[in-house]
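# Residue-level structural notes
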Amino acid sequence: PELWAGAVLSCPAWFTISVYADEKAVDEFVARTGASRKVAVSGLDFIRERSASASEWAREDPLARAASSTAALPPMFVQCTRADEYGVFEGAELFAKLLSARGQPVTFKEEQGEHCRIDARAASRFLVGLSARAAQRPAAAGTPAEAAK
């Protein structure tokens, strides 16, 4: 992160339940978020299949890390649709709130529509703003910009 000027996180697959959640927790998640149960379960399965164990997931869960980490992060732009069929809007919004609560620069943009309906222009404006700010400050030693000199 120290080498990044910032990050755009469009439609991040962050669930507010464990990917190892039981059926009752999944049902509650679906009822709370309005997600399609079939679609949400496929998203949970996709992530779980790439996680070695529940304990590994507990360590790597982006929401848990956002809540507990004290690392300084670059500015972030997070966008997601409230009507997302996977139910990940809740996690994207929570991620932004957790970072903001600890003073991290984060912009959250709610979009309208279905899964991954994003505003590429808004993301581009965020990145252009980062580029303009980065161009105004000297490159730190060891960064790609400094190495190019």
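Just above, that's the structure.
Residues numbered from 1 in each chain as written. Predicted model: local features only at pLDDT ≥ 70, side-chain atom pairs only at ≥ 80, totals over all residues. Heavy atoms only, no water.

## Concerning the packing of aromatic side chains
- Overall, the coordinates contain four aromatic pairs when judged by the stated rule.
- Ring geometry for W14 and F95: centres 4.0 Å apart, planes at 35°, overall tilted. Residue W14 is found in the loop between β1 (7-10) and α1 (23-33), and its partner F95 is found in helix α5 (residues 89-101); the two are separated by 81 residues along the sequence. Judged on exposure class, the residue W14 and its partner F95 are both buried.
- Above the face of the F46 ring, R50 is positioned so that its terminal group lies 3.6 Å from the ring centre. (Phe/Tyr/Trp six-rings, centres within 6.5 Å; stacked < 30°, edge-to-face > 60°. Helix = DSSP H or I, 4+ residues; strand = E, 2+ residues; numbered from the N terminus. Buried < 20%, exposed > 50% of the residue type's maximum accessible area, 1.4 Å probe, protein only. Lys NZ or Arg CZ within 6 Å of the ring centre and 35° of its normal.)

## Some words on the environment of F89
- Its location among the elements puts F89 in helix α5.
- Taking the C-alpha atoms as reference, F89 lies 8.6 Å from Q79; in sequence the two are 10 residues apart.

## Looking at the pattern of salt bridges
- For the structure shown, the criterion picks out 10 salt bridges.
- Among the salt bridges present, the one from R37 reaches E23, with a minimum N-O distance of 2.4 Å. Taken together, the positions of R37 in helix α2 (residues 37-48) and E23 in helix α1 put the pair 14 residues apart, joining distant regions of the chain.
- What makes R37 partly exposed here is its relative accessible area of 32%. (Salt bridge = Lys/Arg side-chain N within 4 Å of Asp/Glu carboxyl O.)

## With respect to the sheet that holds strand β3 (residues 106-111)
- Pairing within the open sheet is parallel, and its three strands lie in the order β1-β2-β3. Each end of this open sheet is capped by a strand with a single partner; those strands are β1 and β3. Strand-to-strand twist in this sheet, taken as the mean axis angle between neighbours without regard to direction, amounts to 15°.
- Bridging between β1 and strand β2 (residues 76-81) involves four bridges; their strand directions are parallel. Considered in β2, the bridge of L9 is made with V78. (Pairing = 2+ DSSP bridges. Axes fitted to C-alpha atoms, helices over the stretch in contact; angles between N-to-C directions.)

## So, the environment of D61
- Topologically, D61 is positioned in the loop between α3 (54-60) and α4 (62-68).
- Taking the C-alpha atoms as reference points, D61 and T16, 45 residues apart in sequence, are found 9.6 Å from one another.
- For D61, the side chain forms a polar contact with the main-chain nitrogen of L63, separated by 3.0 Å. (Polar contact = N/O pair within 3.5 Å; in protein donor to acceptor, adjacent residues only side chain to side chain.)

## What to know about the side chain of T33
- One can find T33 in helix α1.
- On the accessibility criterion, T33 (18% relative accessible area) is buried.
- Of the polar contacts made by the side chain of T33, one reaches the backbone oxygen of F29; its length is 2.8 Å.
- Within the local environment of T33, its side chain forms a polar contact with the backbone nitrogen of A35, the two atoms lying 3.2 Å apart.
- When neighbours within four sequence positions are excluded, T33 is seen to be in contact with G87 and E90. (Contact = heavy atoms within 4.5 Å.)

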